[in-house]
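Listed below, chain by chain, are the residues.
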Amino acid sequence: MNIFKKLNIQPDSVLPKLLSVALCIAAIFVWFTLGQIKSNIKSGLHETLLTIVQSTAETMHLWIEERQEDARTIARSTRLRDLISSLTKKNLSQKQFANAQETQEIRQFFKPFLVDHGYLGMFVISPNYISIASMRDANLGTMNFLADQKEILTKVFQGETLLTRPMVSDVSIKDITPMRDKEPTMFVCTPIFDSDQQNIIAALALRIDVGEFTKISQVGRFGKSGESYAFNGKGRLITESRFDEQLQEIGIILPGQRAILNLEIRDPEENYKIIQGKMFSQKKLPFTRMIGSILKKHPTIEQPIVLVDGYRDYRGVKVVGAGVWSDKFKFGITTELDFEEAFTTYQSISLVVMILFAFTLLIFTLLLLKIDSLRNLAMDANPLTKLPGNRFIAETVNAAIQKRLAWVVVYCDLDNFKAFNDKYGFSKGDQVLRFTGQVLSETIKSQGGANSFIGHIGGDDFIFMVPRELLQKASQNIINRFDQGILEFYNQEDRANGFIEAKDRQGNKQMFPIIAISMASVTLDQHKFKHFLEVSSHCAELKKKAKAVPGSNLAMDQRGHDDAYSG
């Protein structure tokens, strides 16, 4: 009390002032701390989105290049060239084309190729754009509908191999796949040269399942509300949307309509929960902030656009996202996550922090632990196998590259898995994926060294990393365990036969061998890799050699020379 008297201050007036000062200091401290927390979450989110969109773009590029190589390979066939050369010399009617011996032989030639590689059909197009060969009689002798895409066919007849973007199909192809009239379709097109490789005698167009293109674009989807999609230079959606029902309710697309090819990715300027049920035109609306930025700046895969402050997507929902533009293939790729989900942890922490700083140091300590745990959220495990996902895979490989470790990165892929899924069902397929993850995990942990690593890229794609000297022993054990254990997932008849019978996309029964595991390895310190995407691309090339060998096997890259062995 004496101090109050000496200062001529009443005690009852000091306490409120001290409390006010304390609250101000606490409020400033809380404000500063929350700012730091939000900054850290934004930074982690930025890196996550960056890595995911880069991985997705690279995966799509690899997939497109594989489709192009498929087309070039089949177009180089001497038998096909001779048959087409014979057809081009005849002036046939539509019925005559259908009955021509060359037409039947071309169809027989293509049938196993289409089944094995998952294509829905094919065209052979003459230089005057007439369909001279097809799997369907109705197309023969008529102007090919790709003639409307003159910029594509012009380039093909100039010697280029191109992938078309999704477009509306000219006809119903439900006899090939359960698609309705005017559904999206796409093609990979390549020239067919004469025997001297000097003149182009025709163009080959292989019809691609747009659903496969969509699945590749959605490799980067994460979180409950995450969405990844591709769009063309006019801002129009060219892959499937997971929000078709919401878009129909909003009125952005018509009832029963799908967003693919029907949606321009524009900002409705209101949240869909507010505008639900309204019908309106998008014509006067601006592109979403992400799409507008990509179309204007054309960001490359090395420097994507990343927006973590929030913007409205094509539903009017506030999201965060990242995007790139592919100049090579002329489309953009975006991955997005609802802002509310992205920052839900931050909202919870804000309340907790207010309580923590107001009462006890203990709770403050718990908060710091919570923040630390948030920083690890980017290590999102695969929900099926619980193995590390794409972001952590990229970080781990990139770290090994920077340290110039004498380690090998091994890309694993299952052969004939789709046929197994079709016959036994997705539930049994998930069991196979869990079994594969278990075989890889147990083998690598026991034989791959203390710092070995295994991750699950997604689907039937896995990756592991071990010291170079341990590769062959570990890989051989993986092959032995896998080949022995995979038989347990087949019924007695299929095990005895060594194959299964399943229907292809045309509804025909085909024989598919027992699932095998193909592996491709790249030694990090023998290449001048700069980042994981280059490693992934190199592995993808080697994987083709592994899959070309029947049964489980490993393709190794040793000092620039490819080698392989099988189990």
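The text that follows walks through the structure, step by step, so that each part is easy to find.

Quick notes on the rules
Within each chain, residue numbers correspond to sequence positions counted from 1 in written order. Totals for whole chains, interfaces and linings use every residue, but because this is a predicted model, local features are given only for residues with pLDDT of at least 70 and side-chain atom pairs only at 80 or more, for both listing and counting. Side-chain calculation: all heavy atoms of the structure are included, whereas hydrogens and water are not. Working definition: helices are DSSP H or I runs of at least four residues, strands are E runs of at least two. Numbering for both runs from the N terminus. Exposure classes here rest on a 1.4 Å probe applied to the protein chains alone. A residue is buried below 20% of its type maximum, exposed above 50%, and partly exposed in between. Any two residues whose heavy atoms approach within 4.5 Å are treated as being in contact. Each Phe, Tyr or Trp ring (for Trp, its six-membered ring) is paired with any other whose centre lies within 6.5 Å, and the angle between the two planes then decides the class: stacked below 30 degrees, edge-to-face above 60, tilted in between. Note on geometry: a ring has a charge over it if NZ (lysine) or CZ (arginine) is within 6 Å of the ring centre and within 35 degrees of the ring normal. Salt-bridge detection follows one rule: a side-chain nitrogen of Lys or Arg within 4 Å of a carboxyl oxygen of Asp or Glu. What counts as a disulfide here is a pair of cysteine sulfur atoms lying within 2.5 Å.

We now examine the overall build of the chain. Scanning the chain from terminus to terminus reveals 19 helices and 18 strands. Counting all 567 residues of the chain, 52% fall into the buried class. Sequence-distant contacts in the chain: of pairs separated by 6 or more residues, those separated by 24 or more amount to 64%.

Next up on the list: the packing of aromatic side chains. To describe a pair of aromatic rings, you give the distance between the ring centres and the angle between the ring planes. Scanning all chains against the criterion turns up 19 aromatic pairs. With a centroid separation of 6.5 Å and 55° between ring planes, the pair formed by Tyr 229 and Phe 231 is classed as tilted. Classification of Tyr 229 by relative accessible area gives buried; the value is 0%. With 6.2 Å between their ring centres and 45° between their planes, Phe 231 and Trp 325 make a pair best called tilted. Of this pair, Phe 231 sits in strand S7 (residues 227–231) while Trp 325 sits in strand S9 (residues 318–326), placing them 94 residues apart in sequence. Three or more aromatic residues link up through ring pairs in this structure, and these residues are Trp 63, Phe 213, Phe 329 and Phe 331. Sitting above the plane of the Phe 287 ring, Arg 266 keeps its charged end 4.2 Å from the centroid. The lysine or arginine in question, Lys 318, covers the ring of Phe 339, its NZ or CZ lying 4.1 Å from the ring centre.

The tally for this structure, following the rule as stated, stands at 24 salt bridges. The salt bridge involving Glu 69 is made with Arg 72; its shortest N-O contact spans 3.3 Å. Linking Glu 69 with Arg 72, this pair stays in helix H2 (residues 11–75), spanning 3 residues, or about one helical turn.

Let's shift gears to the state of the cysteines. Evaluated as defined, the whole model comprises 0 disulfides. Cys 412 takes part in no disulfide bond, and the closest cysteine sulfur, belonging to Cys 539, lies 9.3 Å away. A relative accessible area of 1% means that Cys 412 is categorised as buried. The exposure class of Cys 539 is buried, given its relative accessible area of 1%.

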